Each structure stands twice: as structure tokens, then as C-alpha cells.
Amino acid sequence: MIRPTKGKTPRRPAPKKPSNNQKDPVGVYCRVRPLGAEDEECCVEVISSTTIQLHAPDGLKANRNGEFKETQYSFKKVFGIKTTQRELFEEVAKPLVEDLIHCKNGLLFTYGVTGSGKTFTMTGSPGQGGLLPRSLGMIFNSIGPFQAKRFVFKPDDKNGMEVQNQVDALLERQKRDSQQSVPKTPSSRQKVDPEFADMISPEDSCKADAIDEDSSYSVFVSYIEIYNNYIYDLLEEAPFDPIKPKWNGAGTPLRNNTEFIPPQSKILREDQNHNMYVAGCTEVEVKSTEEAFEVFWRGQKKRRIANTQLNRESSRSHSVFIIKLAQAPLDADGDNVLQDKNQVNVSQLCLVDLAGSERTSRTRAEGSRLREAGNINQSLMTLRTCIEVLRENQMCGTNKMVPYRDSKVTHLFKNYFDGEGKVRMVVCVNPKADDYEETMLVMRFAEMTQEVEVARPVDRPICGFAAGRRQRNQAFKEELSRRLEERGGPVDGEPPSALSQLLQSLPPLPPCEISDPADDHTFPRVIECLEKRLKVRQMLTEEYNKAANMLKSMLQELDGKLMSKENFIHEQRGKLGEKDKMIQNQKNEIDRLEKKSKMLEYKIDILQKTTNIYEEDKRALQHELESREQRLHRELSEKKRMEARLQGMVTDEKLRWQKECERRVNAKELEMQNKLWVKDEKLKQLKAIVTESKTDSRPEKPQRPSREKDRVPAKRSASPSPIPTGPPVRPLHRRSHSAGAERWVDHKPPTNVELDTVMQPTVPNAIKVTAPSEKALSKCDKYMLTHQEVASDGEIQTKLIKGEVFKTRGGGQAVQFTDIETLKQENPVAPSRKRRSSETGPNQEEHRDGDWTDVETRCSVAVEMRAGSNLGPGYQHHGYPKRRKP
């Protein structure tokens, strides 16, 4: 079975609002409060009447390495610490109150960190009333004489107003008076509460200009609180229930029913004009500044009690005080309010004290308090997001959806940002250094808010009645009362009636008492008087008929003229409507072209920026390309020079290694030949010793070979002993002897022992040194090393190792050893002691440091010294064969 779907009721279209293309930016003002203590560090400085400057605190600079710099922010106007409440009101709130009286809406909210002076700015203190009491004082000071009686205007619970007739309004007033005859609440007192009496100063109130005296006014106030994204009515009076106990926010029953009762949250609804309002919110009609502020103070007390009972912070909620002004024109007589709902104009002014905008980490809240603080910050973040989207839509020509519904605050006031009234914001700043980071965030939000433009509200239509009705009616009443006073006035203070006026205009009646039955004078006099009265009445009737006919003809004539005027006006209105349509179409086309122009300008700016970026990149790439080409050319030329240099080095190194290889091969061959020759010499000496011992009974002691001959070679060559060759060929760079005799370097180590022998080795024209040096070698051609060692018989044996000095390619000096001379001292009386030089003795440790002076080591090693080496790490050892005498 298919069920028919129930169609939705079509939404009633909203009445078409007159469009207005004129826009005004959101007015943002800044107020700086004084420091709490004189020794506190200040981070805010007022530079001019429109600019402030923020200085980063010293500690923050040290922590951030001076990242924060001095920043300046501009506002519509800046109020310093010496600004009075009156000056602030006249600059900020007075224009909004004037617009309220002239049927235009307004929104004023304070924004800032907790403790920056928002509540003081909005409410004030004793003797210094804030924006709210001064706004109420200006309203009632302006419309006081023109207020309607109570209950003439009545809210219809749909964000509208109804006009009641005089009878219903009178019944409502009597009902209220009967309820107030027995005092129940402190609000029924006639005297002003001393808690806020000093905040209200009627003599200091301003007055609006150009008040419409032909209209009647009534003021309604409501007070709500938005906490944790819930709306509460602070003026709602809970019904009294003596049986059912009440519960507080902690879940425990209250001690008595007169204590705190948790408020019920309200919801937002949309009226027929698509304006948002709080459904079921209490709207109290007030007739004076004192009464209005008393209602506000009652809501403040309820708010404090709720915060105490529910353990909440007042700074973490938004408070909204709404002032509604209902006004309707008087009828043609100028006596009563016109009974037409369409002629009633309702304007409202919202005064909002936003919650503190500090971070949740600074509130030190935990648990549920932390979540509630997060919700408050979320509502403020939603407000910032809406402002950002509005600015982006207006500056870039986009049509993004503004997220008003994400928060109750933005959803309630979305109509103001859509063009239903003026919007102004007072940014309150605490200049102490502890609030620097929060203050900087507030400044950025305020700077962004100033760039949002709101459509200017249009003027409401005026009824077609003639102006000055109230004055004419008042003048008529005064003239009538004057004439009645001249004729005696009403009896017992009663108002004069038309019958009494007619009776006073007729001739007076004679005495009508009859004392005698034969009285013939009374009745004729009465009859005569009545006949006169009849004639006067007939004359009055005729005059009345003539006047009525004349008035009727005049009215008919005026009606004809009025009809012709109305026809003419209708025709002109038709033409005006056509013109308006044309103008509207032209305005729409202009708006479309302006948006298109803005979009094109925005795209052109983007393309220009992109082009500039590309050009900069192109220049940078060209510069980089040129630098790389230059670097490449340099590298190529360097590479060529390096190749040529390496080629020369390779050639030189190749030649050097060829010569080195040849030298090493020759040296190795010579070394092997010397080793074989040494071995042969040892064998020959051994053979000579054996043959001599056999022939002689006392043979002469043979000469013991040197320690060098006792060394057993590591490996005996199988090749035959080479033929002893002559001295090696002297290398290149041999010194010339044409300059004079040869010079010697006489090298005697400091470890040598002085021998008192007759024969001493003496070298003429020699340079004596204890250690070889480059300077000494460069001056000589010959080199001689004096070496001492202990022979096998225990005597000291001196060897003179000779060599030739020549230059090397590296710039140093090299020595090639060519000859060894041995000087031996013998004692024929001393016993023969055979001792090997390799055995350790008591004097062995003396020569450990001079081990390098051993004969074999010195004779097999030549020292090559580089220029400037000073015998340091520049030693290079090359093995040369040592040559012995045969």
C-alpha cells in the first residue's frame, strides 16, 4: 500500500524590504583602562586619537629572541584613561539611540579580555553611569511627554506589537493595579534602589532631535544571558509551587521555595520578516529610566544568584539587554493611537556585554568548567569566523555561506550584519603586560571587523495624516476648557457635555412656583419663555442645517478634490514605481558590474603579483644561469690548466721514477755484491788464520774482522762471488774543485771517548759538528763520521767512515759513503777477552740513545735533507751499499 506523502506547507514569503546599496563599515572604538598599580609594566601606548601601539614585554622578548616587534592598530576613535563616561556615550551610543527613536535598529557590544573594563563601560559604577543607563535616560528624556498609556501596546509573542483599544488597556491597568495593591516583591517599591541610584542622573541625560510629536511611544525591555550556548531569561519569574520542592544546580533540594530556581533555557525563532528573536522571552513595559534600570538590576541580581548557586563565572557568559521602542501615529483627531497594526513601528537596540576572550589555559578551569569555557571560546571563535567570511565575501566578491547558526550569539544578531541596523563595537584593553598576547589577538579581530561593511538601514514609511495633530488637539482642548471656565465651567469638576452647552445658550427659565390658584402671570411667562426657546431652537436647527449643508458641500467638494489628488498621486506613484524599478534595475546592473569589476581587479592583482613573481624568478634564473656559465668557463679554463700541469707533473714524475728505479736497481745490485764480497773476505781471513796457525808455533794474532763481518747474512746467494768493482759513480750535481781545496764535515758524536793516543785523526780545513746539519753539509764536499765501538778483545776500536756530499733535486743535501778507516788500540799485557758487541753490559744503556750511530746502520743509510727542514721530519733514508777496502 502506497501512502500519499504529506506535502509541506509552503513558507510564507517575507515582505519585500526596500533595498539600499549604501553601506557603512562597522564602527570599532577602543578604550584603554588605567593600570591597577603604578609599578606594573605597560604594553599599550596611545599615540593619537585613532591609533594605539603595542609593546612586547621584556620577558616575552627574551623568551622569543625579540620576535615580537612594536605594532600599531587604528580605530575609528581611541579613548584614553582620562575619558569620561559621558564623552564615551556621546561618541558611541548617542547616535544609536537617535536611530532607535527614528525607527532604526542598533547593536552595540563590548569585546575584550576579562578585567579590561567591559562591564564598567556598559553598566558603570556609582556616580559613573555607563552606556546602558545613559541610553535609557536619553530615550525617556526624549519621548517622555509623548508616551502612550500602559498596555496600549502589547507584544504579540511573535516579535511584533499589537495596539489595544482604550477599554482593554484600561482593564489591563486595573488588573495590574489590583495585583500590586498587595506588595509581593521588592520591585513594587516606588523609591529608587540605593544600589544603583547613583548610576542614574536624569539631569545629565541628553535629548534626541526631531521627535515625531504626532506619534505615541512605549518602551519594552528584556534581559537574557547566553551561557554554554544556552539562552536564559533573566526576567522570567518562576511560578510559585508550595508543594513540589525546588532543586538547585548541584542536584540537592533547596532549603525553602523562595530561594534560587534554575532557569529554563529558551530557543530562537524567526518571525515573518525573517528576523531572529528569543521565543517566550519576558518583555517588561517601562515608563521611566528608574523603572527600566530597576528591571535591569533585578536581572543582574538573578544572574549573580545563578552564578553562585551553579558555581559559574560571570565573565564566562554573554549578557544581552534589549530595548524595544514601539511607536504608532495618532488618529486624525490626535487623541488616541491609530488602531492599525501595520502602522506600528518597532525598533530595538541591543546592548551586549560579551564574555572574556582569554584562552582556556589561562582560566585554570578543570572538568565541566573547562568544557564550558571551551564553549564560550567557541562562540567567540564563531563570531570571528562570521566576520572573516563577511569580509571575504565583500572584498573578493564571493558568496560563501556565513556560519551564523554555529553559535547562538551570531544566530541571534545575524540580521544586523545583513543590513537591519548599525553595528558598533567597543574594544576594551587592559594595558598590563600579562595580557599582551590576548590583547594582540583582540586587536587583530578588531582590525578585521573594521573592514566589514553593513547595509545602511532605510527610513520607515510615514503615515498619510497631516502633521501637528497632537498640537491642534491640545489647542482645541485648551480653548474649550477656557470657554467653559468663562461661562461657569462644569459642575463638580465634571467635563462639559454638548447638552449643557446647548442649555447654557438658551434663555433662562423664569420662576415656576405657583402660590395662588388664581395666578395668571406664571404660566404666560413660562409659555412665553418656552416659545422663545422654541424659536431659538428652530433658529439653531436652521443654522445647524445650513452649516451642515454647507459643511457637506464643502466635504463633497473636498472629497472630489481629494479623489482627483489621489488619482494624480496614484498616477505619479505608478510612474514613480516604474522609475524606481528602472533605478533598481540600473542599481542592480551597477552592483553586478561593480562586483565584476572588483573580481576582475582582484584577478588582475593576482595576475600582476604572479607576473611579478615570475619575472623575479626569471631574473633570478637568468642571473643564476650567467653565474653558472661564468663558473663553467672558469672551471673549463681551470681544468685545461690543471690538465697541462698534471701532464707536466706526470712527465716529471715518470722521469723521476725511472731514475729512481734505475738507482734502486743499481744500489740493490751493489748491496748484494758487497754482501758476497764480505762473506768471501771472512772466508779468506778464516783460511789465512788456519794456515798461519799450522806453520808458526807462536803465530801473530790475526786481525779480527769488524762486527760487520761477523754478521751472518740472512740468505747465501748461490751465484759466484762477484768481482770487486771500483767506487760507485758519483751522482749528478758534483761539486767543482776549481774554487779551492776540498772541505770536510768532521762529525764526532758527543758519546765518543777521548783517547790519549799519539796518532789522532786530524782533517785539515774541516767543520766540526756533533750532529749533521744542512748548513754544514751545504758548505763542504766531504763527510767523515768518527765512530767508536768495543772490539772482540775488549779494546776500543775507532772507525772513520767517509763519504761525498752532493745536492738532491728536492733542494737538500745527500751523503754517499765511499770508504771506512779503522783505528785499533792493543794492550799486549792485558788478557784476551772475547766479547760480543751484541752482549749486554753495564755500559750498554749509555749507548741506547745513540744506536743509530752503529757502523752498519750509518754506513748503509744516507740522509737526504730538504731545504729548510732543519733535520726535522724531513729525513729521508735511502739504502746505499758501503764499500770496503779489499
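A brief look at the structure comes next.

The rules behind these values
- Residues numbered from 1 in each chain as written.
- Predicted model: local features only at pLDDT ≥ 70, side-chain atom pairs only at ≥ 80, totals over all residues.
- Heavy atoms only, no water.
- Helix = DSSP H or I, 4+ residues; strand = E, 2+ residues; numbered from the N terminus.
- Buried < 20%, exposed > 50% of the residue type's maximum accessible area, 1.4 Å probe, protein only.
- Contact = heavy atoms within 4.5 Å.
- Areas by Shrake-Rupley, 256 points an atom, 1.4 Å probe, with all protein chains shown as cover.
- Pairing = 2+ DSSP bridges.
- Axes fitted to C-alpha atoms, helices over the stretch in contact; angles between N-to-C directions.
- Core = buried A, V, L, I, M, F, W, Y, C linked by side-chain atoms within 4.5 Å.
- Left-handed = near helix turned anticlockwise from the far one by under 90°.
- Polar contact = N/O pair within 3.5 Å; in protein donor to acceptor, adjacent residues only side chain to side chain.
- Expected span 1.5 Å × (residues − 1).
- Phe/Tyr/Trp six-rings, centres within 6.5 Å; stacked < 30°, edge-to-face > 60°.
- Patch = residues over 30% accessible without salt bridge, like charges linked within 9 Å, V, L, I, M, F, W, Y side chains within 5 Å.
- Salt bridge = Lys/Arg side-chain N within 4 Å of Asp/Glu carboxyl O.
- Lys, Arg positive; Asp, Glu negative; His and termini not counted.
- Charge placed at Lys NZ, Arg CZ, Asp CG, Glu CD.

A count of helical and extended segments in the chain gives 18 helices and 28 strands. When burial is assessed residue by residue, the chain has 35% of its 886 residues classed as buried. For the chain, the proportion of contacts with a sequence separation of at least 24, taken over those separated by at least 6, is 71%. Taken as a whole, the chain presents about 56300 Å² of accessible surface, with 53% of it coming from carbon and sulfur.

Taking strand neighbours across the sheet as the criterion, the five strands line up as S23-S22-S24-S25-S26 in an open arrangement whose pairing is mixed. The outermost strands of the open sheet, each flanked by one partner alone, are strand S23 (766-769) and strand S26 (813-824). For this sheet, the mean angle separating the axes of adjacent strands, direction not counted, is 25°. Judged from the four bridges that link them, strand S22 (residues 744-747) and strand S24 (residues 782-790) form a sheet pairing that is parallel. Across the sheet, histidine 747 pairs through a bridge with leucine 785, a residue of S24.

This brings us to the nonpolar core. Core analysis: the largest hydrophobic core is formed by 54 residues, its most contacted members being Ile52, Phe75, Phe413, Val427 and Met443. Setting aside its immediate chain neighbours within four residues, phenylalanine 75 contacts Val28, Tyr29, Cys30, Thr50, Ile52, Val427, Met443, Ala446 and Gln450.

Further remarks concern the packing of helix H2 (residues 85-92) against helix H5 (residues 131-143). Interhelical geometry of H2 versus H5 gives an angle of 65° and a closest axis separation of 10 Å. Both H2 and H5 take part in a crossing whose hand is right-handed. Contacts between H2 and H5 involve Gln85, Arg86, Leu88 and Phe89 from the former and Leu131, Arg134, Ser135 and Met138 from the latter.

As for its placement among the helices and strands, serine 407 is situated in the loop between helix H9 (368-396) and helix H10 (408-412). The buried category is assigned to serine 407, whose relative accessible area is 3%. A polar contact of 3.4 Å, which involves the side chain of serine 407, links it to the backbone nitrogen of valine 409. Ignoring anything within four residues of it in the chain, the contact list for serine 407 reads Asn229, Ser379 and Thr382.

Turning next to helix H12 (residues 436-449). In a regular helix each residue adds 1.5 Å, so 14 residues correspond to 20 Å; H12 covers 20 Å between its end C-alpha atoms and thus fits that length. Counted residue by residue, H12 has 10 buried out of 14 residues, so it is predominantly covered. Among the residues of H12, Tyr436, Glu438, Thr439, Met440, Val442, Met443, Phe445, Ala446, Met448 and Thr449 are the ones counted as buried.

The next subject is the packing of aromatic side chains. For the coordinates displayed, the defined rule picks out nine aromatic pairs. Arranged with centres 5.7 Å apart and planes meeting at 75°, the rings of tyrosine 223 and phenylalanine 321 form a pair that is edge-to-face. In this pair, tyrosine 223 sits in strand S12 (residues 215-227) while phenylalanine 321 sits in strand S18 (residues 318-329), placing the two residues 98 residues apart along the sequence. There is no split in this pair, since tyrosine 223 and phenylalanine 321 are both buried.

Turning to a negative patch on the surface, a few remarks are in order. Where like charges cluster on the molecular surface, the negative patch consists of Glu38, Asp39, Glu40, Glu41, Asp58 and Asp434. With respect to the helices and strands, glutamate 38 occurs in the loop between strand S2 (27-32) and strand S3 (44-46). In this structure glutamate 38 comes out as exposed when scored by relative accessible area, which is 85%.

According to the stated counting rule, one finds 26 salt bridges in the structure shown. Across the pair arginine 664 and glutamate 660 runs a salt bridge, and its minimum N-O distance is 2.9 Å. Here arginine 664 pairs with glutamate 660, and both are found in helix H15 (residues 522-695), just four residues apart, close to one helical turn. What makes glutamate 660 buried here is its relative accessible area of 13%. Lysine 782 is paired through a salt bridge with glutamate 804; the nearest N and O atoms lie 3.3 Å apart. Of this pair, lysine 782 sits in strand S24 while glutamate 804 sits in strand S25 (residues 796-807), and the two are 22 residues apart along the sequence. Take lysine 782: its relative accessible area is 13%, and that puts it in the buried class. Within the structure, one salt-bridge network assembled from shared partners comprises Glu660, Arg663 and Arg664.

Glycine aside, residues mostly have negative phi, and peptide bonds are mostly found in the trans state. The backbone phi angle of phenylalanine 151 is positive, close to 70°, even though this residue is not glycine. With respect to the element layout, phenylalanine 151 can be found in the loop between H5 and strand S10 (153-155). Phi at aspartate 157 takes a positive value of approximately 65°, unusual for a residue other than glycine. Among the structural elements, aspartate 157 can be located in the loop between S10 and strand S11 (161-163). Residue class for aspartate 157 comes out exposed when judged on its relative accessible area of 68%.

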